[in-house]
Amino acid sequence: MTAPAVVSTSLASAMGSVGCVSELWQSWQVLIDGCDDDLPLPEEGLLSRPAFWTAYLVRMWAMDASDGHRFAEWLGTDTAGADAAWELYLNNVCQLRMPFDDGHSVWVTSCEFPTDWGTDYSIRHPGWGRSAHLAYISRYVALRVGTHEHQEGPGLSWRELTHIANTPDQTAPGIHDPHARLLLLLPTLGDAAVLADAVEVIGTALVSVGVPATEAMHAARFLLDRPIWVAAHWTVPAEPAPGQRTRRWPGRLQTAASGGERPATGILQCDAPASPRFGAPVAQSITREQSDRLARALGSGAA
């Protein structure tokens with residue numbers, strides 16, 4: 001399968017014609033799962049470029065000019081440098097990967113096609129037939145070009161986010177620094193139970209990537225005070241009884257089998273309707289054993 005033709009387009013003039021975005025993440029799923037050989041190689045080296053973190057965080061939070069300028073100053077950069085860094089980061093298709101426990105990896109994929117754009121967060125494993133969708137953000141481009149804002153999330157609880165950030169698989173290629181991993185995953189966060197030390201944790205991560213210590217806590221508080229997603233509640237669902245109907249995102253129902261393998265119950269689900277994890281497991285079409293391994297890798301399953 002061949003990936004769609006990619007056009008070089010700046011954010012200032014992005015998307016002259018806009019297609020339907022209601023099925024956007026499904027088309028991305030086909031792209032990501034079916035065209036890996038045609039996509040560019042991961043570009044983890046971008047994280048060391050000047051102003052990368054300003055570009056990434058300003059765009060994910062869709063900050064306006066005033067907030068973006070203030071945030072850039074906190075991070076010791078300027079908005080012009082952030083714009084240049086963003087162009088390098090987006091680069092039509094850009095992939096970043098964070099390997100964690102037991103062969104799992106979180107992939108951050110940003111695309112810019114004529115009618116498809118945004119940043120997708122997913123979990124992959126070599127033993128799965130398809131990736132597990134966590135979140136999708138197109139907020140910044142939607143605001144710039146005046147189209148409908150299309151987003152899906154939150155994708156991770158605070159507990160899961162910090163666990164993934166702090167459990168890099170050093171034997172697999174990708175981003176291993178826990179602080180950089182936490183910042184890359186931060187746009188997926190939506191949790192009513194964020195711990196009181198979250199500002200300090202995020203501030204420390206910002207300092208580690210070069211943000212002046214005197215400004216890092218201001219920037220961390222700014223991000224937490226303006227969440228991308230609702231403050232969702234995360235719980236481990238009870239195992240359904242045989243014959244009970246349960247929800248499979250988006251909007252599909254399944255019936256628990258009367259025998260054989262049953263759905264895993266160790267993986268958190270949330271109560272945010274916009275999330276792929278609303279009343280549904282994070283990964284579809286994987287076995288019970290694979291689900292149990294994922295639960296442990298996410299920090300919510302039995303050891």
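Going along each chain's sequence as written, the residues are numbered from 1 onward. The predicted origin of the model limits local features to residues at a pLDDT of at least 70 and limits the giving and counting of side-chain atom pairs to 80 or more, whereas totals for whole chains, interfaces and linings rest on all residues. To get the side-chain values, take all heavy atoms of the structure and skip hydrogens and water.

### Focus on the environment of Trp61
Here is step 1 of the chain: Along the chain, Trp61 falls in the loop between α2 (52–60) and α3 (65–74).
Here is step 2 of the chain: Categorising residues by exposure relies on relative accessible area from a 1.4 Å probe, with only protein chains included: less than 20% of the type maximum marks a residue as buried, more than 50% marks it as exposed, and the intermediate range marks it as partly exposed. The exposure class of Trp61 is buried, given its relative accessible area of 8%.
Here is step 3 of the chain: Put simply, Trp61 and Ile228 are 167 residues apart on the chain and 6.4 Å apart in space, counted from C-alpha to C-alpha.
Here is step 4 of the chain: For Trp61, the side chain forms a polar contact with the main-chain oxygen of Leu223, separated by 3.4 Å. Each helix is a run of DSSP H or I of at least 4 residues and each strand a run of E of at least 2, with the numbering of both proceeding from the N terminus. What qualifies as a polar contact is a pair of N or O atoms within 3.5 Å, subject to a donor-acceptor requirement within protein and to the restriction that residues adjacent in sequence count only when both atoms come from side chains.

### Points about the environment of His133
Here is step 1 of the chain: Following the sequence through the fold, His133 ends up in strand β4 (residues 132–137).
Here is step 2 of the chain: At 3.1 Å, the side chain of His133 and the side chain of Asp120 are in polar contact.
Here is step 3 of the chain: Polar side-chain contacts of His133 include one of 3.2 Å to the side chain of Glu152.

### Here we look at the packing of α2 against helix α7 (residues 178–185)
Here is step 1 of the chain: Fitting a line to C-alpha atoms yields each axis, with helices limited to the stretch in contact; the angle taken between N-to-C directions then spans 0 to 180 degrees. Contact pair α2 / α7: the axes reach a minimum separation of 10 Å and the direction vectors enclose 30 degrees. On the basis of the axis angle, α2 is roughly parallel to α7. Contacts from Phe52, Trp53, Tyr56 and Leu57 of α2 reach α7 at Ala180, Leu183 and Leu184.
Here is step 2 of the chain: In the scheme used here, Gly and all other residues not listed as nonpolar or charged are polar, with Ala, Val, Leu, Ile, Met, Phe, Trp, Tyr, Cys and Pro taken as nonpolar and Asp, Glu, Lys and Arg as charged. Classifying every residue of the contact of α2 with α7 by side-chain character gives seven nonpolar, no polar and no charged. For classification purposes, an angle smaller than 35 degrees is called roughly parallel, one larger than 145 roughly antiparallel, one from 65 to 115 roughly perpendicular, and anything else oblique. Should any heavy atoms of two residues lie within 4.5 Å, those residues are considered in contact.

### Structural notes on α3
Here is step 1 of the chain: Every buried residue belonging to α3 is among Asp67, Gly68, Phe71, Ala72 and Trp74, and all of these are buried. Projected onto a plane normal to the axis of α3, the buried residues spread over an arc of 155 degrees and lie on a single side. Counted as exposed and oriented over 90 degrees from the buried face of α3: Ala65 and Ser66.
Here is step 2 of the chain: Near the N-terminus of α3, the side chain that reaches the backbone nitrogen of Ser66, with its oxygen 3.2 Å away, is that of Asp64. This arc is taken over the directions from the axis of the helix to the C-beta atoms.

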